[in-house]
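Single-letter residue listing:
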Amino acid sequence: MDFNNIIKQVNDIFIDVLDNEDIKLTPETTAADVEDWDSLNHIQLVVAIEKHFKMRFTTAEINGWKNVGEMCVAIENRLKG
Amino acid sequence: MKEGDSFVHTFTVTPATHAGFIDIFRDRNPLHTSAQFAQAKGFRGEVMHGNILNGFLSYFIGECLPTKDVIIHAQSIKFSLPVYMNDELEFTARIVGFFESVRTYEFKFSFRNKDGKTVAKGDIQIGLI
């Protein structure tokens with residue numbers, strides 16, 4: 001699965017979890033750019049992403065992501081094994 | 001706590017539970033307070049408020065887990081059969097997911113009556129604080 005496909009799927013997860021059809025993620029998107037991406041919704045987003053892609057991250061890994069792009073790269077790398 | 005762990009507890013809807021719920025939340029709908037009304041609707045007696053079971057869930061999360069450092073993030077429940085006064089319910093919860101990155105557990109739970117029938121089931125997500 002390539003990066004563009006991953007970010008599209010992550011975008012769909014954000015739309016579902018945050019109940020906002022207008023979300024359009026880019027690699028540079030951060031929590032400050034998305035309405036309702038607060039600490040509690042962050043937990044729901046991470047859980048949904050880990051379930052969707054059937055993978056688990058550590059606290060250190062997710063705390064190291066500076067934006068959506070870094071999150072998607074981490075997913076891509078994990079999928080590559 | 002780890003994925004696959006199960007917890008079992010027995011709850012009973014006592015008259016005090018029923019009265020306390022009504023006293024606090026003021027839901028005196030006759031389905032819950034009039035045996036005559038409930039029987040006319042096809043039930044064998046007053047149907048206990050479904051949300052009493054959510055109170056039992058709160059007790060389970062707050063008091064029955066090996067740690068008190070917990071907070072409920074989300075829960076859903078579906079009611080499939082009525083619960084009556086003094087029904088003894090066997091509650092079972094199983095951890096179906098652990099998300100270390102956000103210190104979050106997911107449980108599936110069910111309440112069964114003495115006939116072994118599921119009266120309600122659902123999911124609950126908690127975080128470690």
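The rules behind the values
- Residues numbered from 1 in each chain as written.
- Chains lettered and ligands numbered in written order.
- Predicted model: local features only at pLDDT ≥ 70, side-chain atom pairs only at ≥ 80, totals over all residues.
- Helix = DSSP H or I, 4+ residues; strand = E, 2+ residues; numbered from the N terminus.
- Rg over C-alpha atoms; globule rule 2.2 N^0.38 Å.
- Buried ≥ 20, exposed ≤ 12 C-beta atoms within 10 Å, placed from the backbone.
- Contact = placed C-beta atoms within 7 Å.
- Axes fitted to C-alpha atoms, helices over the stretch in contact; angles between N-to-C directions.
- Parallel < 35°, antiparallel > 145°, perpendicular 65-115°, else oblique.
- Left-handed = near helix turned anticlockwise from the far one by under 90°.
- UniProt positions renumbered as here; feature names shortened; annotations may be inferred.
- Pairing = 2+ DSSP bridges.
- Core = buried A, V, L, I, M, F, W, Y, C linked by C-beta atoms within 7 Å.
- pLDDT = per-residue confidence, 0-100.

## Regarding the overall build of chain A
Within chain A one finds four helices and zero strands. Rg of the C-alpha trace for chain A: 12 Å, near the compact-globule value of 12 Å for 81 residues, within the 12% margin. The principal-axis extent of the C-alpha atoms belonging to chain A is close to 35 × 25 × 20 Å. Burial analysis of chain A (81 residues in total) assigns 23% to the buried set. Here the analysis covers contacts within chain A between residues at least 6 apart in sequence; of these, 56% occur between residues at least 24 apart.

## Things to note about the packing of helix α1 (residues 3–18) of chain A against helix α2 (residues 39–52) of chain A
Residue and element names in this part refer to chain A. Here α1 crosses α2 at 135°, and the two axes come no closer than 10 Å. Considering their axes alone, α1 and α2 lie oblique with respect to each other. With respect to the hand of their crossing, α1 and α2 are arranged in right-handed fashion. Here Gln-9, Val-10, Ile-13, Phe-14, Val-17 and Leu-18 of α1 lie close against α2, whose contacting residues are Asn-41, Gln-44, Leu-45, Ala-48, Ile-49 and His-52.

## Some words on the UniProt feature "domain: Carrier" (unreviewed entry) in chain A
UniProt marks residues 1–79 of chain A with the feature "domain: Carrier" (unreviewed entry), using the numbering shown here. Regarding residues 1–79 of chain A, the helix share stands at 59% and the strand share at 0%, and the terminal C-alpha atoms are separated by 8 Å.

## Quick look at the interface of chain A and chain B
Taken residue by residue, the interface counts eleven residues in chain A and seven residues in chain B. At the level of secondary structure, the elements contributing two or more residues to the side of chain A that touches chain B comprise α2 and α3 (59–63) of chain A. Sorting elements by how many residues they give to the side of chain A that touches chain B places α2(A) first, with five residues.

## Regarding the pairing of strand β4 (residues 104–112) of chain B
Residue and element names in this part refer to chain B. For strand β3 (residues 88–99) and β4, the ladder comprises nine bridges, and the chain directions are antiparallel. Looking across to β4, one finds that Ile-95 is bridged to Phe-107. Between β3 and the antiparallel strand that follows it, β4, lie four residues; Arg-103 among them carries a positive phi value of about 50°. Strand direction decides the pairing type here: β4 and strand β5 (residues 118–128), joined by nine bridges, are antiparallel. Within β5, the position partnered with Thr-104 by the bridge is Gly-127. Between β4 and β5, which pair antiparallel one after the other, the connecting turn spans five residues, and Gly-116 there sits at a positive phi close to 80°.

## Quick notes on the nonpolar core
Membership of the largest hydrophobic core comes to 21 residues, with the highest contact counts inside it found for Leu89(B), Phe91(B), Phe111(B) and Ile124(B). Sequence-distant contacts of Phe111(B), defined by excluding residues within four places in its chain, comprise Leu53(B), Leu89(B), Phe91(B), Val119(B) and Ala120(B). Formed by 18 residues, the second largest nonpolar core is a distinct cluster that contains Ile7(A), Phe14(A), Ile43(A) and Val47(A).

## Observations concerning the confidence of the model for chain A
In this model, chain A carries a mean pLDDT of 96, and residues with pLDDT of at least 70 account for 100%. No element of chain A has a lower mean pLDDT than α3(A), at 94, and none a higher one than α1(A), at 97.

## Here's the deal with the sheet that holds strand β2 (residues 70–79) of chain B
The strand order β1-β3-β4-β5-β2 (chain B) describes an open sheet built from five strands, whose pairing is antiparallel. Edge positions in the sheet fall to β1 (6–12) and β2 of chain B, since each has one partner strand and no second. When the angles between neighbouring strand axes are averaged without regard to direction, this sheet yields 20°. Packing against the sheet, α2(A) makes contact with β2, β3, β4 and β5 of chain B, and its axis sits at approximately 80° to β3(B). Helix-sheet contacts for helix α4 (residues 51–64) of chain B involve β1, β2, β3, β4 and β5 of chain B, and the interaxial angle to β2(B) is about 150°.

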